[in-house]
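Structural characterization, general
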Amino acid sequence: MTGILITGCAQKPLPAPAAAIAPNPFGYLKQSAVCTVSPIVNGPTGRSAKMSVRSDDGLCTVALSQPDGTAYASFLLQTLPAHGKAFIYNYNNQTLVNYTATTAYAGPDGFTVSLIPTAGHARVALQVAALADATGVVLPPPPPAPYVATPSKSSHRSSKSTHSTRTKHKKASSS
């Protein structure tokens, strides 16, 4: 009888790891259906990357780190994307730059991130050029307009005050 119980507790092998995607420590971020990021290129004015993304309310991520393999100490957005939003954070020794295109937008976008390494090192600019594609993206219908009660006109007529005076007539006397 003991042998049966032990067999029932046998461990199953772990499933194969899923395809490598950017870590999602927040749990509510969704990956775009299309996300292609070019290798990061070092240039005379900083680093640059190109990305293609579907504007389906999902994000696309550029992952980078310092030459020593650690995340940047800090960062800031120098220029904002005109047709989307960018979010930057450090996770697991990497600095992750997320971009989400405005839903159903199709066209170019871009932004610049200033990466701040450890003390004593110069800041590094990262220019991200994004190309958003809206193929197959359907905008949800707008929510119904909220009901706003409007005061109705009353059918009650305003009464005008009329003032009349009566004069008494004297009876003519008969003589």
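As shown above, the structure is provided for reference.
Cut-offs used in this document
Residues numbered from 1 in each chain as written. Predicted model: local features only at pLDDT ≥ 70, side-chain atom pairs only at ≥ 80, totals over all residues. Heavy atoms only, no water. Helix = DSSP H or I, 4+ residues; strand = E, 2+ residues; numbered from the N terminus. Buried < 20%, exposed > 50% of the residue type's maximum accessible area, 1.4 Å probe, protein only. Contact = heavy atoms within 4.5 Å. Areas by Shrake-Rupley, 256 points an atom, 1.4 Å probe, with all protein chains shown as cover. Disulfide = S-S within 2.5 Å. Pairing = 2+ DSSP bridges. Axes fitted to C-alpha atoms, helices over the stretch in contact; angles between N-to-C directions. Core = buried A, V, L, I, M, F, W, Y, C linked by side-chain atoms within 4.5 Å. Polar contact = N/O pair within 3.5 Å; in protein donor to acceptor, adjacent residues only side chain to side chain. Phe/Tyr/Trp six-rings, centres within 6.5 Å; stacked < 30°, edge-to-face > 60°.

1. Regarding the overall build of the chain
Looking only at helices and strands, one finds 1 helix and 9 strands in the chain. Counting helices and strands in the order they occur from the N terminus, the chain gives α-β-β-β-β-β-β-β-β-β. Looking at the 175 residues of the chain, the share that counts as buried comes to 26%. Intrachain contacts of the chain at a sequence separation of at least 6 include 60% that bridge at least 24 residues. Surface exposure of the chain reaches about 13,300 Å², of which carbon and sulfur atoms provide 58%.

2. Things to note about the state of the cysteines
Summed over all chains, the structure comprises 1 disulfide. Across the disulfide, cysteine 35 is cross-linked to cysteine 60 (sulfur-sulfur distance 2.0 Å). Taking the torsion about the sulfur-sulfur bond, which here is approximately 75 degrees, the covalent link between cysteine 35 and cysteine 60 counts as right-handed. One end of the pair, cysteine 35, is in strand 1 (residues 35-37); the other, cysteine 60, is in strand 4 (residues 59-64), with 25 residues separating them in the sequence.

3. Remarks on the sheet that holds strand 7 (residues 94-101)
Taken in spatial order, the 3 strands of this open sheet run 4-7-6, and their pairing is antiparallel. Each edge of the sheet is formed by a strand with only one pairing partner; in this case those strands are strand 4 and strand 6 (84-91). Each strand axis lies, on average, 20 degrees off the axis of its neighbour in the sheet, ignoring direction. Of the strand pairs in this sheet, strand 4 and strand 7 are connected by 6 bridges, and their pairing is antiparallel.

4. Digging into the nonpolar core
Among soluble globular proteins, nonpolar side chains are generally buried collectively. Counting 20 residues, the largest nonpolar core has Val97 and Leu126 as the members making the most contacts within it. Within the residue set of this core, elements represented by two or more residues are strand 3 (46-54), strand 4, strand 6, strand 7, strand 8 (107-116) and strand 9 (124-133). Of all the elements, strand 9 adds the most residues to this core, at 4 residues. Dropping the residues within four chain positions of it, leucine 126 is found in contact with Ile40, Arg47, Ser48, Ala49, Val62, Leu64, Val97, Phe111, Thr112, Val113 and Leu115.

5. Focus: unusual backbone geometry
Phi at aspartate 57 is positive, roughly 70 degrees, even though this residue is not glycine. As for its placement among the helices and strands, aspartate 57 is situated in the loop between strand 3 and strand 4. At asparagine 92, a position not held by glycine, the phi torsion is positive, near 55 degrees. Position of asparagine 92 relative to the elements: it lies in the loop between strand 6 and strand 7.

6. Comments concerning the side chain of serine 55
For serine 55, the location among the structural elements is in the loop between strand 3 and strand 4. Within the structure, serine 55 has its side chain in polar contact with the backbone oxygen of tyrosine 105 (distance 2.8 Å). For serine 55, the contacting residues outside a window of four places in its chain are Ala101, Thr102, Thr103, Ala104, Tyr105, Ala132, Asp133, Ala134 and Val137.

7. Side note on the pairing of strand 7
Extensive coverage of strand 7 is indicated by the burial of 7 of its 8 residues. Across 8 bridges, strand 6 lies against strand 7 in antiparallel orientation. Counterpart to tyrosine 91 in the pairing with strand 7 is glutamine 94. The loop that links strand 6 with its antiparallel partner strand 7 comprises 2 residues; one of these, asparagine 92, has a positive phi angle of about 55 degrees.

8. Some points on the packing of aromatic side chains
Across all of its chains, the model carries 2 aromatic pairs by this definition. For the ring pair phenylalanine 87 and tyrosine 89, a centre distance of 5.4 Å and an interplane angle of 35 degrees mean the geometry is tilted.

Bear in mind that shape data such as this cannot, by itself, settle questions of function.
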